[in-house]
Amino acid sequence: MAIILDGKNLREKILADLKIKIDKFSKKPSLAVILVGEDPASKIYVKNKEKTAGKLGINSEVILYPDDVDEETIIRKIEALNSDDEINAILVQLPLPKHINKERVINTISPQKDVDCFTMENVGKLASGLEPSVYPCTPRGIMLLLDEYNIDLTGKHVVVVGRSNLVGKPLALMALKRNATVTICHSYTNNLKDITKTADVLISAVGEVLIEDDMIRKNSVVIDVGIFRDVNGKVRGDVEFDEVSKSAAYITPVPGGVGPMTIAALMLNTYELFLKQIKRSS
Ligand code: GUN
């Protein structure tokens, strides 16, 4: 039976440690979140972020816009947040409605306040092996979880299924930086199973039931980034957990694995951007 990579438990440890650090400052870190429209999943994510920030003493300001907001309104708001010294971190919750130019909105965020590592400048640094302002939240959360369980990626074959800008691509770059041999698979990959079976560490970030027991290598590490409701309304991930957990060495549950780590990483990122801003202005 696989060892469970317990993201919930690690999140609590990280947040407790972070709270002690934040309590030492009279000024508090602050995070601005822009949420456009009524996407139910986004609303839940944003609520969770607000709640967690509140517990830590991080100021969070949520700016809500209706679905039909015009792009200029968002751009002007981001510009105002960029020049507001009281704001350390800016997050634009994705997805955005189709009529909004996502690239333009994201790249209006000051790279120094880009808590998601989404701007061209930070993505370029990440791709060049340089230090971005902070690392993207979900990949960073996964790396923290691997570190907690002393899972070293050096020389390992890491297979990432999913090539999104949010998770798959940055994760692959971060695994490369840790000297892994990295393969990215996606919906056009031929013979997916032949590749996933060679993974020492298999990370699935797709959002559909995909990873079955015969697709994994025995005693490998299986990380499930997917989270969605199945036809019966049950929250689950990409991996057939009950089967795969019998042959993997380590596995993340859904919920309680990667999800909580994303939030923990967001709080760490907000704090680190706050520290950097203090340094710059002192
Ligand atoms: N939508 C789903 N996950 C994320 C995330 O980590 N950051 C942002 N900005 N939007 C998301």
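What counts, and where the lines are drawn
Residues numbered from 1 in each chain as written. Predicted model: local features only at pLDDT ≥ 70, side-chain atom pairs only at ≥ 80, totals over all residues. Heavy atoms only, no water. Pairing = 2+ DSSP bridges. Helix = DSSP H or I, 4+ residues; strand = E, 2+ residues; numbered from the N terminus. Right-handed = clockwise from strand over helix to strand, strands pointing away. Buried < 20%, exposed > 50% of the residue type's maximum accessible area, 1.4 Å probe, protein only. Near = heavy atom within 4 Å. Polar contact = N/O pair within 3.5 Å; in protein donor to acceptor, adjacent residues only side chain to side chain. Areas by Shrake-Rupley, 256 points an atom, 1.4 Å probe, with all protein chains shown as cover. Nonpolar A, V, L, I, M, F, W, Y, C, P; charged D, E, K, R; others polar. Disulfide = S-S within 2.5 Å. Phe/Tyr/Trp six-rings, centres within 6.5 Å; stacked < 30°, edge-to-face > 60°.

A. Structural context of the pairing of strand β6 (residues 181–185). Of the strand pairs in this sheet, strand β5 (residues 157–161) and β6 are connected by 5 bridges, and their pairing is parallel. When the bridges of β6 are listed, H157 appears paired with T181. Between the parallel pair β5 and β6, the chain is carried across by helix α7 (residues 168–177), and the sense of this crossover is right-handed.

B. Region of the structure containing unusual backbone geometry. Note that the residue after L94, namely P95, is joined by a cis bond; omega there is 5°. With respect to the element layout, P95 can be found in the loop between β4 (89–92) and α4 (102–106). Cis geometry marks the peptide bond from V254 to P255; its omega dihedral reads -5°. Examined against the element boundaries, P255 turns out to sit in the loop between β11 (250–251) and α10 (258–281). Positive phi outside glycine occurs at N150, with the angle close to 55°. Along the chain, N150 turns up in the loop between α6 (137–148) and β5. Non-glycine residue N219 carries a positive phi angle of around 65°. Note that N219 resides in the loop between β7 (201–204) and β8 (221–224). Take N219: its relative accessible area is 56%, and that puts it in the exposed class.

C. Spotlight on the site of the ligand. The local shell around the ligand consists of L91, V92, Q93, L94, D116, F118 and L166. Backbone polar atom of L94 to a nitrogen atom of the ligand: 2.9 Å apart, as the coordinates give it. In this structure, a nitrogen atom belonging to the ligand sits 2.7 Å away from a side-chain N or O atom of D116. Isolated, the ligand exposes 280 Å² of accessible area, and the fraction of that covered by the protein chains is 86%. In terms of residue class, the shell around the ligand is built from 5 nonpolar, 1 polar and 1 charged.

D. A look at the state of the cysteines. With the rule as written, the count across this model stands at 0 disulfides. Counting only cysteine sulfurs, C137 is the nearest neighbor of C117, a cysteine outside any disulfide, at a range of 9.2 Å. According to the relative accessible area criterion, C117 is buried, its value standing at 4%.

E. Quick look at the packing of aromatic side chains. All chains considered together, the criterion is met by 4 aromatic pairs. On the numbers, 5.1 Å between centres and 75° between planes, the contact of F25 with F274 is edge-to-face. Of this pair, F25 sits in the loop between α1 (7–23) and β2 (30–36) while F274 sits in helix α10, and the two are 249 residues apart along the sequence. Relative to F274, the ring of Y271 lies with its centre 6.3 Å away and its plane at 35°, an arrangement referred to as tilted. Remark: F274 and Y271 occur in helix α10; sequence separation between them is 3 residues, near one turn of the helix. An aromatic cluster is defined as three or more aromatic residues linked by ring pairs; in this entry it consists of F25, Y271 and F274.

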